[in-house]
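# Residue-level structural notes
Here are the chains, one letter per residue:
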Amino acid sequence: MSADSWVRCPRCLKNALDNIQAPDYGALSRAYGNVSESEYRALLDGQLKDRDRYIKDLNRAHNLAETMREDYELGMDSEGEFTVAYSCHCTECDWSWKFNYKVQTPVG
Ligand SMILES: [Zn+2]
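Residues numbered from 1 in each chain as written. Predicted model: local features only at pLDDT ≥ 70, side-chain atom pairs only at ≥ 80, totals over all residues.

Let us look at the overall build of the chain. Counting its regular elements, the chain contains three helices and four strands. From first element to last, N terminus to C terminus, the chain shows the α and β order β-α-α-α-β-β-β. Taken against the 2.2 N^0.38 rule, which gives 13 Å for 108 residues, the C-alpha radius of gyration of the chain at 25 Å runs more than 25% over that of a compact globule. By its C-alpha atoms, the chain is 85 × 25 × 15 Å across when sized along the principal axes. By residue count, 3% of the 108 residues in the chain fall in the buried class. (Helix = DSSP H or I, 4+ residues; strand = E, 2+ residues; numbered from the N terminus. Rg over C-alpha atoms; globule rule 2.2 N^0.38 Å. Buried ≥ 20, exposed ≤ 12 C-beta atoms within 10 Å, placed from the backbone.)

Attention shifts here to the sheet that holds strand 3 (residues 81-90). Spatially, the four strands line up as an open sheet ordered 1-2-3-4, and their pairing is antiparallel. Edge positions in the open sheet fall to strand 1 (3-7) and strand 4 (96-104), since each of these has one partner strand only. For this sheet the average axis-to-axis angle between neighbouring strands, irrespective of direction, equals 10°. Where strand 1 and strand 2 (residues 68-76) come together, five bridges link them in antiparallel fashion. When the sheet's bridge partners are listed, Trp6 is paired in strand 2 with Arg69. (Pairing = 2+ DSSP bridges. Axes fitted to C-alpha atoms, helices over the stretch in contact; angles between N-to-C directions.)

Interfaces are often sized by the accessible area lost when the parts come together. The domain architecture assigned to the chain consists of domain 1 (3-8 + 66-104) and domain 2 (10-62). On a C-alpha basis, the centroid separation for the pair domain 1 and domain 2 is 40 Å. Contact residues are listed per partner, giving six residues for domain 1 and four residues for domain 2. Tallied by class, residues from the side of domain 1 that touches domain 2 come to three nonpolar, one polar and two charged. (Domains from an automatic or database assignment. Contact = placed C-beta atoms within 7 Å. Nonpolar A, V, L, I, M, F, W, Y, C, P; charged D, E, K, R; others polar.)

Here the focus is the pairing of strand 3. In terms of strand pairing, strand 2 meets strand 3 through nine bridges, oriented antiparallel. Bridge pairing in strand 3 links Glu70 to Cys88. In this antiparallel pair of consecutive strands, strand 2 and strand 3, the connection spans four residues, and Gly80 shows a positive phi of 90°. By the bridge criterion, nine bridges tie strand 3 to strand 4 in an arrangement that is antiparallel. Note on strand 4: the bridge partner recorded for Tyr86 is Phe99.

Attention shifts here to the environment of Ser29. In this fold, Ser29 is placed in helix 2 (residues 26-31). Under the C-beta neighbour-count criterion, Ser29 is labelled exposed, with 8 such atoms within 10 Å. C-alpha separation for the pair Ser29 and Asn15, spaced 14 residues apart in sequence, amounts to 31 Å.

Per-residue pLDDT for the chain has a mean of 93; in total, 98% of the residues score no lower than 70. Per-element confidence in the chain ranges from a low mean pLDDT of 88 for strand 1 to a high of 98 for strand 4. (pLDDT = per-residue confidence, 0-100.)

Rendered as structure tokens:
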């Protein structure tokens, strides 16, 4: 392989996003008029903390470290064979994937 780079891993991002729980925004409207004022304020405080945690979790997920190495090669040899070769591996979750394609071009 002739080139390499480090990027964020799509599997790590998916796992991070899947583990984030959104606040239950409907809880406030369901509680309104059905609980005491102090219970409602406590619920509101909890919702604000849940919202802050949710935002932090989303930011953390979208700022994951670049743990996936990509190696790739693209080009044509002197016989006219065109090659695309790609592989990646994440050092965090151990996910890997490969793609290889070769085709003989019509050189005359
Ligand atoms: Zn990963």
